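Residue-level structural notes
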Amino acid sequence: MNYQESLSKDHPKFTKDIEPSGFSQTLQEAMASIPNEHSSNSIEQSSELSVIRPEPVFSVLNTPDPPSPWKELASSMKEKVLTRGKQSSSLLHFTLSGLQGLFPVLSWGRNYDLKSFRSDIMAGLTLASLGIPQSIGYANLAKLEPQYGLYTNLVPPLIYAVMGSSREIAIGPVAVISLLVSSMCQKIVDPSVDPTGYKKIVFTVTFFTGIFQASFGFLRLGFLVDFLSHAAIVGFMGGAAIVIGLQQLKGLLGLTHFTNKTDLVSVIKAVWLGLHQSGRRNLKLFWLSAIAPLLSVILSTVIVFLTRADKHGLKIIKEVKSGLNPSSVKLLQFTGPYVGESAKIGEAVAVGRSFASVRGYQLDGNKEMVSMGFMNIIGSLSSCYVATGSFSRTAVNFIAGCKSPVSNIIMAITVFLTLEFLTRLLYYTPLAVLASIILSALPGLIDVREAWSIWKVDKMDFLACIGAFLGVLFGSVEIGLMVALTISFARIILSSIRPRIETLGRIQGTDIFCSKRQHPVVSLEPGLMIVHIGTSFLCFMNANFTKERILTYVMEDEELQEENNEGKILYMVIDMSNVMNIDSSGIAAVEEMHSKLESFGIQMAIVNPGWQVIYKMKLARLVERIGVSWIFLSVGEAVEACLSYKEDNICA
C-alpha cells in the first residue's frame, strides 16, 4: 500500500476526489527507488516498535547538498562587488556593475539635481563651520599639530563621497578615535620627545586600520564590529567622553605640564599639581576665553588678538601650516620594531569603530567597511590620521538638510580654502575655545538614560556596560575596549557552552508545542518526552552538555514515573529546528544519545534539523543508524507518528 492509499484509508475526508499531483507522483517514484539499505531503516529492530511507517510525500531528508564554504565565500565576494539586478554576460555590463558596487556615486549621481545641490551646499557649509574647529581640537587630542586635523577633514570625506553609501554620514576625525590613537601610540613613541617618530606611528596605524577595514568588507567580516554589544558601546562611549573631557582641562585651565595617561586618577593628580604650580599665573584674561564655548572661533580669536591675552599666559594655537596635504608615503613604517604594534593598534581601531545612520534606509555594513578602509589607506598617504563617521556632525548634517554625500565634498572644499587662505587667522585662536568646543560635543556620548534602560532590561548587559565604562575611566581606552570585548565574548561563550534545553508540551486542543517551563498549562504526552535544543551550532563546546542534560531529563522522568506508577517513556522527540550546523563532536553526541536511549528501550526521533546538519548526518551515516522514518519535519508530525506506533504496539 503506497502513502496515498494509506492516507485515503485512514483519513478519507482529507483525500476524497483528490488526484496526486505530478510533483507528488515524482516524489513517490523517487521514494520507491530508494535502496533497500535505506528502506530497511523504516523497519525498527526492536520487537516493541516493529511497525512499518510509510514514507511521507515530503521528507525533510530530501534536500540537495548545501554549498561548500568556498562557494559561499565566492558568492558573497561576487555579491559584494556587483550591484543587484539582472546580470548580463557581457564584459561591459560586468565591469559597470563592479564599478557601481565600488562607487555608488555612479548610481545616485545620475539622478542628482540642482535642488539637491542647493541643500547640500547649505549642509556642507554648516558642517564645515562645526567641523573645522572640531578637527583642530581633535588633532590636539591626538597629540598632533592642528593642520593634521584639517588634513583629515579634507581627503577622507572626498573618498567617502564617491565610495560611501550613506547620504548623511559626516566624515572626519572624531573624539573617541583621536583619544584611542593617541593613548595607544604614545606608549610606543612619546610625541613630546620624538614628534616625527610619533607621526610615523600614527600614519602607519592609519594605513593598517584602512587595510583591516577594507579586508573586513571584502571578506564580508563586517560582523566583527558587532562583538562590541550595544551595552558595551554605551559604557565605552560614556567612559571615553569623561576621559576626553578631563583631557581638555589642560587647554581649558592653561596648564603647561600635563600627564600622558588617560585614567581618572592620573588626570586629577596632574590638574591638582598644575593648579598649585605654574599654571595659575595671570588667569584674569584666561577666564574670558574659557567661557568661549558659546562664542565662535572668530570672535574669540579677535578678542585674544585685541587684548594680547597670549602675553599673559593664555595658550593659543600659534602657527598652523597652510597649503594642501603633503605626502606622508615616506613616513609609513613597514620595517623595524614597531610594525607589529602598529598593526595591532590598527586592528583595534578598525574593530572599535561603528557606523552611524540617521534615516531609515538600510546600509550595507560590508560596503561601508570597504569605503572607510580605502579612505583611511589613501588618507595615510596624505598626512591624515584615522577618520570615520562622526555622530554629532552626522546629526548636524541631517538637520541641515543634506541630500547626498556632496555635503562632504562642500565641507572638504571649505577646508581646502581654509588651508590655503585662512590659516594665518587661526594664530591667536585660544586652546580653551577648542577645548570648550570638544566639551560641548561630549554630552551626547554619555547616555545615562540608555544605561538605566539596560539595567532594567538585562543585568548581564549592564555588567558589560559598566565594565567598559570603568575600564576606560580608571584604566585606559584600550583597557576599556578589551574589557568590553572580553565581557561580550564571555557572554557568547557561556550561552554557547550551556544552551537552553527545554521540555515541550502541547497546548490543549491544538497542534502547537511550547516550553513547559514558560507555559506550565501545556500538557505532556504520556509515554513521550519532547525536548528542544536552543543552540544554532551543536559543537564541541556544548555537545556533551546537551547530551547529558537530555539524558538527565530522561532519568529524572523515569524516577518520577516509577513513583507515580505510570508508564515509562517509549519515545524521545528532539526538536533540532534551531540547530543550523553541527560538527563531529555534535554528531558523536547525537549518536551516543541514540545508543543510550536505545539501551533504555526508548526510540529517538529528530525534528527538522538544519540543512548543514542533515548533510553531515548523512555523511556520517547517522541517518541510517537512527532510521529514515524517525526524522520528521515538525514536532506535531513526530508526536502523531510516535502515538500511532504506541497505539499499534498496545493493540499488538
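Structural notes, computed from the coordinates. Worth saying up front: this structure is predicted, and the values here are computed from it rather than measured.

1. Focus: unusual backbone geometry
Even without a glycine there, the phi angle at Lys143 is positive, about 65°. Along the chain, Lys143 falls in the loop between helix H8 (114–141) and helix H9 (146–152). You can call Lys143 partly exposed: its relative accessible area is 27%. Despite not being glycine, Ser383 has its phi angle at roughly 65°, a positive value. Structurally, the position occupied by Ser383 is in the loop between helix H19 (365–380) and strand S2 (388–390). Its relative accessible area of 2% is what places Ser383 among the buried residues.

2. Regarding helix H11 (residues 175–185)
Burial runs high along H11: 11 of the 11 residues are buried. Where H11 is concerned, the buried positions are Ala175, Val176, Ile177, Ser178, Leu179, Leu180, Val181, Ser182, Ser183, Met184 and Cys185.

3. Observations concerning the sheet that holds strand S10 (residues 631–632)
The strand order S4-S3-S5-S7-S9-S10 describes an open sheet built from six strands, whose pairing is mixed. Each edge of the open sheet carries a strand with a single partner, namely strand S4 (513–515) and S10. Packing against the sheet, helix H27 (residues 584–599) makes contact with strand S7 (571–575) and strand S9 (603–607), and its axis sits at approximately 145° to S9.

4. Remarks on the side chain of Ser178
By the secondary structure assignment, Ser178 is in helix H11. In this structure Ser178 comes out as buried when scored by relative accessible area, which is 0%. Among the polar contacts listed, one links the side chain of Ser178 to the backbone oxygen of Val174, at a separation of 2.6 Å. Of note is the side chain of Ser178, whose polar atom sits 2.9 Å from the side chain of Tyr385. Ignoring any residue separated from it by four or fewer positions in sequence, one finds Ser178 in contact with Tyr138, Leu141, Ala142, Pro173 and Tyr385.

5. With respect to the pattern of salt bridges
Enumeration over the complete set of coordinates arrives at 12 salt bridges. Across the pair Lys199 and Glu145 runs a salt bridge, and its minimum N-O distance is 3.9 Å. Taken together, the positions of Lys199 in helix H12 (residues 195–218) and Glu145 in the loop between H8 and H9 put the pair 54 residues apart, joining distant regions of the chain. Several salt bridges converge on common partners, so that one network encompasses Arg506, Asp511, Glu525 and Glu640.

Conventions and cut-offs
Residue positions within a chain follow its written sequence, with the count starting from 1. Since the coordinates come from a predicted model, pLDDT governs what is reported: local features require at least 70, and pairs of side-chain atoms require 80 or more to be given and counted, while whole-chain, interface and lining totals use all residues. Excluded from the side-chain calculations are hydrogens and water; all other atoms, namely the structure's heavy atoms, are used. To qualify as a helix, a DSSP run of H or I must reach at least 4 residues; to qualify as a strand, a run of E must reach at least 2; elements of each kind are numbered from the N terminus. When accessible area is computed with a 1.4 Å probe and restricted to protein chains, residues below 20% of their type maximum are described as buried, those above 50% as exposed, and intermediate ones as partly exposed. When DSSP finds two or more bridges between a pair of strands, those strands are recorded as paired. Should any heavy atoms of two residues lie within 4.5 Å, those residues are counted as being in contact. The axes are straight lines fitted to the C-alpha atoms, using for helices just the contacting stretch, and the angles between their N-to-C directions are given from 0 to 180°. Under the rule applied, a polar contact is a pair of N or O atoms within 3.5 Å (in protein, one hydrogen donor and one hydrogen acceptor; residues adjacent in sequence only if both atoms are side-chain atoms). Here, a salt bridge means any Lys or Arg side-chain nitrogen found within 4 Å of an Asp or Glu carboxyl oxygen.

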